[in-house]
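Working through the structure, step by step
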Amino acid sequence: MSSEPAPAAAAPPEQIPEPPAAAGGGEAPEHRALVLTGFGGYEKVKVQTRRGGGCRPGELSVRVHACGLNFADVMARQGLYDRLPALPFCPGMECAGTVCAVGEEVRDRQVGDKVLVLARFGLWQEVVNVPAEQTFPMPEGMSFEEGAALLVNYITAYMILFDFGNLRPNQSVLIHMAAGGVGTAAIQLCKTVENVTIFGTASAAKHDLLKESGVAHPIDYRTMDYAEEVRKISPKGVDIVMDPLGGSDTSKAFHLLKPMGKLITYGVTKLITGQKKNLMAMAKTWWNQFSINAIQLLHHNKAVCGYDLGNMDEETELIKGVVVKLINLYNQGKIKPKIDSIWPFDQVADAMRHMQEKKNVGKVILVPEAHKEASKKAEN
């Protein structure tokens, strides 16, 4: 679930991965980490100082320059996401940085390499120790901020559109939260296929930007019934619906599909209504959760798919294959992560609020230290 509900697919690093040992066998240097100290509001994520040892066989130590913020991190903070360790722990599912130490048995990475890192949690730190197989070489010319914006959102969008959706020329796609991380990735990927018509839901203030990016029909979900708006333009509906919302919206999505259409559900953002877990929203969402049986699917000639990147931990080769395709598309200039804003670790609460209030257009990035490019955009 990733802006976005989808989590990263990979085994996590240690809860507090250790930095490499200091040269000459001395005490390892301290590093800063963002730690979730309890479930609840923005203040539950705190900057703490950690100290550890060297990387183990098969691992790399990576000096982190930028981290991605995903909607799954927001859900994890509220205690709504499963498969998390006991508190306190370090969140963070993707980052980009430089290899600063290489463990035994690692043959394809060396100190100084720039890498992208994917994990279920544990990456919001200045230094992380991770299995080498969870890292990917950064393309030439890619910034660390772009690197931290690539993996979760683009893997999610790619697998939904192409592996499940089988997107082809002349088809139509409804993208919810179209201005978020997964949404902007999906728009770019749709544009790699000829004559795809994109419907995108977002607040009215974001519509001009969506049109510029390739959305033919932006829809203001706050003031309009998006299903009715889609039907006005395309009476038969659409070929693919990307559903991160859950609850009653999944049923609406199913009924918006053309015959042979595909609904891919990959999140339940309807659960998020404020800073803390809302039991009423949970009950309402699950009560309205869409349910259908095989006989109904047969009669409707439609497909329903469920996608959760976080439950693909063992599919290393599958994920690696998708990343190779994405890096090829980046090198060809067909995709480019859109960075909304960059926030230092010390302002993680503001960054989470910015995303949760859906003020972002593109990816929200965290960096260990404040620097000249960091911007808050809280006024948007």
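Residues numbered from 1 in each chain as written. Predicted model: local features only at pLDDT ≥ 70, side-chain atom pairs only at ≥ 80, totals over all residues. Heavy atoms only, no water.

Per an unreviewed UniProt entry, the protein carries the name VAT1 protein and comes from Penelope pileata. Regarding the protein, the UniProt comment filed under Sequence similarities (unreviewed entry) reads as follows: "Belongs to the zinc-containing alcohol dehydrogenase family. Quinone oxidoreductase subfamily." (UniProt positions renumbered as here; feature names shortened; annotations may be inferred.)

Let us now look at unusual backbone geometry. In this chain, Leu87 is followed by Pro88 through a cis amide linkage whose omega measures -10°. Although it is not a glycine, Met177 adopts a positive phi angle of roughly 50°. Within the secondary structure, Met177 sits in the loop between strand E8 (172–175) and helix H3 (181–190). We classify Met177 as buried; its relative accessible area is 14%. (Helix = DSSP H or I, 4+ residues; strand = E, 2+ residues; numbered from the N terminus. Buried < 20%, exposed > 50% of the residue type's maximum accessible area, 1.4 Å probe, protein only.)

By the burial criterion, the buried members of helix H10 (residues 348–356) are Val348, Ala351, Met352, His354, Met355 and Gln356. Buried residues belonging to H10 abut strand E1 (30–36), strand E2 (45–51), strand E3 (59–69), helix H1 (71–77), strand E14 (339–344) and strand E15 (363–367). Looking one or two residues past H10, Lys358 carries a phi angle of roughly 55°, positive in sign. (Contact = heavy atoms within 4.5 Å.)

Vacant regions in the atomic arrangement are exposed by a probe of water-molecule size rolled over the atoms. Looking at the largest cavity, its volume works out to about 60 Å³. Around the largest cavity sit Ala72, Asp73, Ala76, Tyr81, Leu84, Phe89, Pro91, Gly92, Met93, Arg120 and Phe121, which together line it. Taken together, the residues that form the lining of the largest cavity break down as eight nonpolar, one polar and two charged. Quantified by volume, the second largest cavity comes out at close to 30 Å³. As for the second largest cavity, its lining consists of Ala149, Asn153, Tyr154, Gly181, Thr184, Pro337, Lys338 and Lys363. Mapped onto the lining of the second largest cavity, the elements with two or more residues apiece are helix H2 (144–164) and H3. The element best represented in the lining of the second largest cavity is H2, accounting for three residues. Partitioning the lining of the second largest cavity into residue classes produces three nonpolar, three polar and two charged. (1 Å grid on protein atoms, 1.4 Å probe; cavity = no way out; pocket = protein on both sides within 12 Å on 5 of 7 lines; lining within 4 Å. Points joined across faces, edges and corners; volume = space filled by probe spheres on them. Nonpolar A, V, L, I, M, F, W, Y, C, P; charged D, E, K, R; others polar.)

Further remarks concern the pattern of salt bridges. Inspection of the entire model under this criterion finds twelve salt bridges. Taking the shortest distance from any N to any O, the salt bridge between Glu59 and Arg56 comes out at 3.2 Å. We classify Arg56 as partly exposed; its relative accessible area is 45%. Connected through salt bridges with shared partners, the residues Arg32, Asp346 and Glu369 form a single ionic network. (Salt bridge = Lys/Arg side-chain N within 4 Å of Asp/Glu carboxyl O.)

On to the sheet that holds strand E9 (residues 197–201). With parallel pairing, six strands are arranged side by side in an open sheet as E10-E9-E8-E11-E12-E13. Since the sheet does not close on itself, it has two edges, and those belong to strand E10 (217–219) and strand E13 (303–306), each with one partner. Strand-to-strand twist of the sheet, defined as the mean angle between neighbouring strand axes without regard to direction, takes the value 15°. Direction of pairing for E8 relative to E9: parallel, over a ladder of four bridges. Considered in E9, the bridge of Ser172 is made with Thr197. Set on the sheet, helix H5 (residues 226–233) makes contact with E8, E9, E10 and strand E11 (238–243); between it and E10 the angle comes to about 160°. (Pairing = 2+ DSSP bridges. Axes fitted to C-alpha atoms, helices over the stretch in contact; angles between N-to-C directions.)

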